[in-house]
Amino acid sequence: MQREENRNTYLLQEGEDMGVVQIADDVVETIAGLAATEVEGVSTANGNLTAELISKVGAKGIAKGVKVDIFNKRVKVDLALRVGYGYNIPATCQKVQSKVKAAIENMTGLEVAEVNIRIAGVNMQKNK
C-alpha cells in the first residue's frame with residue numbers, strides 16, 4: 001500500500017456529485033508501453049516483457065523503457081524501443097507515435113504533446 005501512496009497521481013475529472021477521478025503516472029506509462037508493442041515491427045519496449053508473459057507476471061514490466069511526464073493535463077512520452085530486423089524504422093516509429101497518442105488520449109482524456117522514441121536496439125531473431 002505504501003507504493004501507491006508515493007505514486008504521482010493526476011486529476012482527470014472533478015465532479016460535484018460523485019467525487020474525483022485520478023490516474024497514476026505509471027498507469028499512463030503502461031498504456032503507452034502496451035500501445036507501442038501492438039505496432040508490427042516493435043519487438044519490445046527496452047527491457048520490456050513480451051506480450052505473452054503479461055498475463056502470467058502482470059503488466060508492471062510493460063512500462064519499462066517508458067517515461068511519462070504530465071503537466072497541466074498534457075503528456076510527454078519518452079519510449080526506448082527495440083525494433084525487428086528488416087522493418088523501416090522511421091515508418092514504424094511514426095505508427096508507434098500515432099498509436100501511443102491515440103491510446104493515451106482515448107483512455108485518459110489527457111492531451112499528448114510529444115511522443116519521443118529512442119531506438120535501443122534491433123531484434124535479430126526471425127519472427128515466427
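Here the structure is a predicted model, which is why all the values come from computation and not from measurement. (Residues numbered from 1 in each chain as written. Predicted model: local features only at pLDDT ≥ 70, side-chain atom pairs only at ≥ 80, totals over all residues. Heavy atoms only, no water.)

Relative to the 28 Å expected for 20 residues at 1.5 Å per residue, helix H4 (residues 89-108) spans 28 Å between its end C-alpha atoms, a close match to the ideal helical length. Those residues of H4 that fall on the buried side of the exposure criterion are Thr92, Cys93, Val96, Val100, Ala103, Ile104 and Thr108. Viewed end-on, H4 has its buried residues packed into an arc of 100°, placing them on one side of the element. What points out from H4, more than 90 degrees from its buried face, is the exposed set Pro90, Gln94, Lys95 and Asn106. At the N-terminal end of H4, a side-chain oxygen is found 2.9 Å from the backbone nitrogen of Ala91, two or three residues along, and the residue is Asn88. (Helix = DSSP H or I, 4+ residues; strand = E, 2+ residues; numbered from the N terminus. Expected span 1.5 Å × (residues − 1). Buried < 20%, exposed > 50% of the residue type's maximum accessible area, 1.4 Å probe, protein only. Arc of directions from axis to C-beta. Polar contact = N/O pair within 3.5 Å; in protein donor to acceptor, adjacent residues only side chain to side chain.)

Quick look at the packing of helix H2 (residues 25-37) against H4 now. The N-to-C vectors of H2 and H4 enclose an angle of 140°; their axes lie 8 Å apart at closest approach. In terms of axis orientation, H2 runs oblique to H4. Between H2 and H4 lies a crossing of right-handed hand. Touching Val28, Ile31, Ala32, Ala35 and Ala36 of H2 are Val96, Lys99, Val100, Ala103, Ile104, Met107 and Thr108, all from H4. (Axes fitted to C-alpha atoms, helices over the stretch in contact; angles between N-to-C directions. Parallel < 35°, antiparallel > 145°, perpendicular 65-115°, else oblique. Left-handed = near helix turned anticlockwise from the far one by under 90°. Contact = heavy atoms within 4.5 Å.)

Using the criterion set out here, one finds 5 salt bridges in the structure. Note that Lys67 and Asp69 form a salt bridge whose closest N and O atoms lie 3.0 Å from each other. Residues Glu105 and Lys101 are paired through a salt bridge, measuring 2.7 Å at the closest nitrogen-oxygen approach. Residue Glu105 and its partner Lys101 are both found in helix H4; the two are separated by 4 residues, about one turn of the helix. Residue classification places Glu105 among the partly exposed residues on the basis of a relative accessible area of 27%. (Salt bridge = Lys/Arg side-chain N within 4 Å of Asp/Glu carboxyl O.)

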